[in-house]
Structure formats: C-alpha cells, structure tokens
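Here is how the chains run, residue by residue.
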Amino acid sequence: MFFILSQYSEWLASHDAVVGLLVFLFILAVVSVIAFPAVLIVTFFIEGIKIIRHEGMKPSNLLSMLFSILLFGYLAVWPVIGSLEKGRFSTILYVTISFSAVYVLSLMAMYSLSAVLNLIHLRKKRNADYIIVLGSGIIGTKVTPLLAARIHRGIELLRCNQNAVLIMSGGQGPGEDISESAAMAAYAVDQGVDAEKIIMEQKSVSTEENLMFSKELIDNENAKIVIVTTAYHVFRALILAKQQGIKCVGFGAKTKWYFTLNALLREFAGYLRLTWKRHAIVIGIIISVAAAF
C-alpha cells in the first residue's frame, strides 16, 4: 500500500480530500488494532459471566472468563514481569512462555477463521445423498433446545435435497431413557418428516463414533454427505470426518452467542488434543532456540 501511494504521490498532493480520507482510514485502522485486544478481553469476560448465570458454575463454563483473565495477564502483566527478570534461566523461561503463548494464540486465530469459513455456504442444495445430524444429549426422552436446532437445520437441508436421507446419530447415555437417535427421529417425524426418510444410528457416544458408525450405514462410497451440528462444532467435526476418510461438507445450527464463545474455546481445546504432537514439536523447537541464545 505504501509503494502504491508513493507512485501516485504527485496526484495525491493535488487532492487534499483524498489525502484526508486516507489519513482517517489509517488512524481508524491503527485504533482498531490497538483496541481489538481490549474489546476481546471485555467481550469474553462479560459473556463468561452470562454463561455462568445461565448454565451454572461448572469447570466447562469457566473457559470464557479464564481466557479473558489470561489474555489480560499476558498483555498487561507479563511484560512487566519480563522487565524484572535478570537471570539466564528466568530469561529463557520468560521467552519460552512468551513465544509459546503467541504460537497458541496464532493457532486459535487460524482455528476461529477456519471455523467461520466452513460455515459459509452460498447454496443449501448440494445434491446430497445423506444428511448426518450429530446428537448432543437428551433429557429422558426429550431433545434439548440445542439438539432441536440441529434437527431443524437437518430438516431444512432435507427440503432442499429431497433425494437425501437423514441419519440421526446418537446412542443412549447416562440419564437418557432412549437413544438420542430415537428421540431425534421422533422429533423430526413430529415436524412432518417422513419416517422412511430417516435412518437411526444408535451405538455412538462421541463425535468420533457418530461419524464412524454413520459411515457404516452408507453403502455408497461416492455418496455426497452433509454433516449437521451446532455452528461452533462444525470445524472439529469436519477434521474428525477427514481423519476417517469421509468426504463431506458441514452446516451449522445456531445457538446463543454467550454459549458459542465458551464452546468455541472448548472445541479449540479438543482440536489441540487431536493434534498435540505437532504442536509439542514446535514448542520444543521454541525452547531449544531460546536456550541457544
């Protein structure tokens, strides 16, 4: 951008209004970059309070607030600690933690961007053969609002892909009177879906098994497959599907914003568990380089 502006410097010199606009846009960009971390910290903290109020004080519900506190500490407190450290070991430790944090934050940024991009679809009609709706737990025999949103999304896609079949995927877990897939199928039938358009996968208890056992129900290796789950869960589900050799696209069902932010952090942690070896190698290289200098 700098070189382009330099090339047209003479023309810009005679157009004060354009120069003023460019200066304004530059200042706006700088302010946005500076303000972004503060907005991120405040947003996650506020949404963290909301999820605790609505969902209760559980470890999994503390991720949003914990992330905001750690990010604040890293940006505001950590540089001060670094200026106090004098010894070689403390310097190596400080550099290692600093670069490791930058690496993890960069991964999180890429993961979040990838998650958003995989939710963008220009059309719902995909000539799909199978639409796999992933289960997420039921209460007794009733689907939860989160699971109902997934089913509605699956039905919406079925109406755009009328030759497709719905695969309701989910086994029976603790506190559930029937399998998730049975409850999902009954809910879909109540919504007007023909029972003959539904297949139930009733053995799975995790996302990996949802995909694995659903794949066993598909007799066409070239089938066009759509996976439906909650928006924040789509990207990790696609990663797991790729690992199992399932070619598919993912569609997301909406949920509440405060729940989405917290769940996205949980999904990112799940991604790190899937790929921890490669990241451990990178951090090991960081430690080696820090020690060398």
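Before reading on, note that the structure itself is shown above.
So, here's what we can say about the structure. (Residues numbered from 1 in each chain as written. Predicted model: local features only at pLDDT ≥ 70, side-chain atom pairs only at ≥ 80, totals over all residues. Heavy atoms only, no water.)

1. A look at the overall build of the protein
Reasoning step 1: Helix and strand counts for the protein come out as eleven helices and seven strands.
Reasoning step 2: For a compact globule of 293 residues, the expected C-alpha radius of gyration is about 19 Å, and the protein comes in at 24 Å, more than 25% above that figure.
Reasoning step 3: Reported as C-alpha extents along the three principal axes, the dimensions of the protein are approximately 70 × 55 × 40 Å.
Reasoning step 4: Looking at the 293 residues of the protein, the share that counts as buried comes to 38%.
Reasoning step 5: Accessible surface, the protein: about 17,400 Å² in total, of which carbon and sulfur atoms supply 67%.
Reasoning step 6: Side-chain charges in the protein split into 26 positive and 20 negative, and the spacing between the mean points of these groups amounts to 4 Å. (Helix = DSSP H or I, 4+ residues; strand = E, 2+ residues; numbered from the N terminus. Rg over C-alpha atoms; globule rule 2.2 N^0.38 Å. Buried < 20%, exposed > 50% of the residue type's maximum accessible area, 1.4 Å probe, protein only. Areas by Shrake-Rupley, 256 points an atom, 1.4 Å probe, with all protein chains shown as cover. Lys, Arg positive; Asp, Glu negative; His and termini not counted. Charge placed at Lys NZ, Arg CZ, Asp CG, Glu CD.)

2. Comments concerning the pairing of strand 4 (residues 165-169)
Reasoning step 1: Of all five residues in strand 4, five are buried, a share of seventy percent or more.
Reasoning step 2: Neither face of strand 4 is open: one carries Val-165, Ile-167 and Ser-169, the other Leu-166 and Met-168, and all of them are buried.
Reasoning step 3: Both strand 1 (residues 130-134) and strand 4 contribute to a ladder of five bridges, which runs parallel. What sits directly across from Ile-132, in strand 4, is Ile-167.
Reasoning step 4: Judged from the four bridges that link them, strand 4 and strand 5 (residues 198-201) form a sheet pairing that is parallel. For Leu-166, the partnering residue across the bridge sits in strand 5 and is Ile-198.
Reasoning step 5: One crossover worth recording links strand 4 to the parallel strand 5 by way of helix 7 (residues 180-190), and it is right-handed. (Pairing = 2+ DSSP bridges. Right-handed = clockwise from strand over helix to strand, strands pointing away.)

3. Quick look at the pattern of salt bridges
Reasoning step 1: Counted under the stated rule, the structure contains five salt bridges.
Reasoning step 2: A salt bridge links Lys-50 to Glu-47; the nearest nitrogen and oxygen atoms lie 3.6 Å apart. With a gap of three residues between them, Lys-50 and Glu-47 both fall in helix 3 (residues 16-55), about one helical turn apart.
Reasoning step 3: The class for Lys-50 is partly exposed, based on a relative accessible area of 35%.
Reasoning step 4: Ionic pairing is found between Lys-124 and Glu-156, a salt bridge with its closest N-O pair at 2.1 Å. One end of the pair, Lys-124, is in the loop between helix 5 (88-117) and strand 1; the other, Glu-156, is in helix 6 (residues 145-160), with 32 residues separating them in the sequence. (Salt bridge = Lys/Arg side-chain N within 4 Å of Asp/Glu carboxyl O.)

4. Remarks on the nonpolar core
If you look at soluble globular proteins, the nonpolar side chains tend to sit buried side by side.
Reasoning step 1: Of all hydrophobic cores here, the largest spans 23 residues; its most connected members are Ile-131, Ile-151, Leu-166 and Met-168.
Reasoning step 2: Contributions of two or more residues to this core are made by strand 1, helix 6, strand 4, helix 7 and strand 6 (225-230).
Reasoning step 3: The contact partners of Ile-131, leaving out residues within four places of it in the chain, are Gly-154, Leu-157, Leu-158, Ala-164, Val-165, Leu-166, Ile-167, Val-226 and Val-228.
Reasoning step 4: With 16 residues, the next largest nonpolar core counts Ile-41, Ala-115, Phe-235 and Phe-268 among its residues. (Core = buried A, V, L, I, M, F, W, Y, C linked by side-chain atoms within 4.5 Å. Contact = heavy atoms within 4.5 Å.)

5. Examining the packing of aromatic side chains
Reasoning step 1: Counted by the stated rule, this structure contains seven aromatic pairs.
Reasoning step 2: Measuring from ring centre to ring centre gives 4.9 Å for Phe-44 and Phe-67, while their planes differ by 65°; the resulting arrangement is edge-to-face. Taken together, the residues span a long stretch of sequence, with Phe-44 in helix 3 and Phe-67 in helix 4 (residues 63-84) at a distance of 23 residues. For the pair formed by Phe-44 and Phe-67, the shared burial category is buried.
Reasoning step 3: Taken together through their ring pairs, the aromatic side chains of Tyr-111, Phe-235, Phe-268 and Tyr-271 make up a single cluster. (Phe/Tyr/Trp six-rings, centres within 6.5 Å; stacked < 30°, edge-to-face > 60°.)

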